[in-house]
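One letter stands for each residue in the lines below.
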Amino acid sequence: FQAEDGIRDCLLSRGLGDVYKRQIHFYKEKFFTELIPGTLYLRPTVIDVIRYAKNNGIKLGFITTTSESNINVIKSAIIDELDFKVFDLITTNKNVDKPKPDPEIYQYALDILDLAEDEAIVIEDTVVNQNCALQAGVKCILFPGEYAEIPISNKYYTLTYNLMSKVEEVLG
């Protein structure tokens, strides 16, 4: 899901025109819609964290700046594993003016969920979005996906493959 942020940054840095950006985004969404169903699954320990949060009265948000159509593809792809009604807030690109890696979406989520920065923990799957969360002033656990590039300098900085153990560590 986070690849779109890297694509956007790449386009902006190379000065590609808006027409090309729209075309690339169109095809990215088209391929995402065609490829994801049947190939997307929750990673190990994610459901444990969701259960832990719900059992302990912790608010949950699915905080993204992707499109609603991509959210719907994700929902339908993992419907047997996760009911999205578990989330107190689901955001899309329509909620803010600036997409990730701008931290605006996190401030929006904190406001809607009525949380202070020190009351939130963000779980991100790329270093770019981890930095975005840190810029918003919230703690962030890096839980990289199989295609995430992790710089050596960040290898042990809030990096985990067992999400539940890292959440328990951060919560103290």
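Residues numbered from 1 in each chain as written. Predicted model: local features only at pLDDT ≥ 70, side-chain atom pairs only at ≥ 80, totals over all residues. Heavy atoms only, no water.

Peer 1: What should I look at first to understand the overall build of the chain in this one?
Peer 2: Along its length, the chain carries 7 helices and 4 strands. Starting at the N terminus, the α and β elements of the chain follow one another as α-α-α-β-α-β-α-β-α-β-α. Within the chain, the fraction of its 172 residues that count as buried is 38%. Taking contacts inside the chain between residues at least 6 apart in sequence as the whole, the part at least 24 apart equals 58%. As presented, the chain carries roughly 10,300 Å² of accessible surface, and 55% of it is formed by carbon and sulfur atoms. (Helix = DSSP H or I, 4+ residues; strand = E, 2+ residues; numbered from the N terminus. Buried < 20%, exposed > 50% of the residue type's maximum accessible area, 1.4 Å probe, protein only. Contact = heavy atoms within 4.5 Å. Areas by Shrake-Rupley, 256 points an atom, 1.4 Å probe, with all protein chains shown as cover.)

Peer 1: What am I meant to see in the nonpolar core here?
Peer 2: The tendency in soluble globular proteins is for nonpolar side chains to be buried side by side. If you look at the biggest cluster of nonpolar residues, it comprises 19 residues, and the most contacted ones within it are Leu-82, Phe-84, Phe-87 and Leu-163. Elements supplying a minimum of two residues to this core: α3 (46-55), α4 (68-77) and α7 (163-171). No other element matches the 4 residues that α3 contributes to this core. With residues near it in sequence (within four places) discarded, Phe-84 still touches Phe-62, Ile-74, Lys-75, Ile-78 and Ile-90. Judged by nonpolar contacts, the second largest core, of 15 residues, contains Leu-89, Ile-105, Tyr-106 and Val-122. (Core = buried A, V, L, I, M, F, W, Y, C linked by side-chain atoms within 4.5 Å.)

Peer 1: When you look at α7 in this model, what are you seeing that I'm missing?
Peer 2: The periodicity of an α-helix, 3.6 residues per turn, causes residues three or four places apart in sequence to face the same way. Those residues of α7 lying buried are Leu-163, Met-164, Lys-166 and Val-167. The buried residues of α7 occupy one face: seen down the axis, they fall within an arc of 160 degrees. Contact partners of the buried residues in α7: α3, β3 (121-124) and β4 (139-142). Of the residues one or two after α7, Gly-172 is the one with positive phi, at around 85 degrees. (Arc of directions from axis to C-beta.)

Peer 1: Looking at this structure, I do not really get the environment of Leu-163. What am I missing?
Peer 2: On the secondary structure map, Leu-163 appears in helix α7. Leu-163 sits 120 residues away from Arg-43 along the chain, and the two C-alpha atoms are 9.4 Å apart. Once residues lying within four places of it in the same chain are set aside, the contact partners of Leu-163 are Thr-45, Val-46, Val-49, Ile-123, Ile-141 and Phe-143.

Peer 1: What exactly am I supposed to notice about the packing of aromatic side chains here?
Peer 2: Aromatic ring pairs: the centre-centre distance and the angle between the two ring planes describe each pair. Scanning the entire structure with this criterion turns up 3 aromatic pairs. Between Phe-62 and Phe-87 the ring centres are 5.5 Å apart and the planes differ by 65 degrees, which places this aromatic pair in the edge-to-face class. Note that Phe-62 is positioned in strand β1 (residues 61-62) and Phe-87 in the loop between α4 and β2 (89-90), a separation of 25 residues in sequence. Residue Phe-62 shares its accessibility class with Phe-87, and that shared class is buried. The rings of Phe-62, Phe-84 and Phe-87 are connected pair by pair, giving a single aromatic cluster. (Phe/Tyr/Trp six-rings, centres within 6.5 Å; stacked < 30°, edge-to-face > 60°.)

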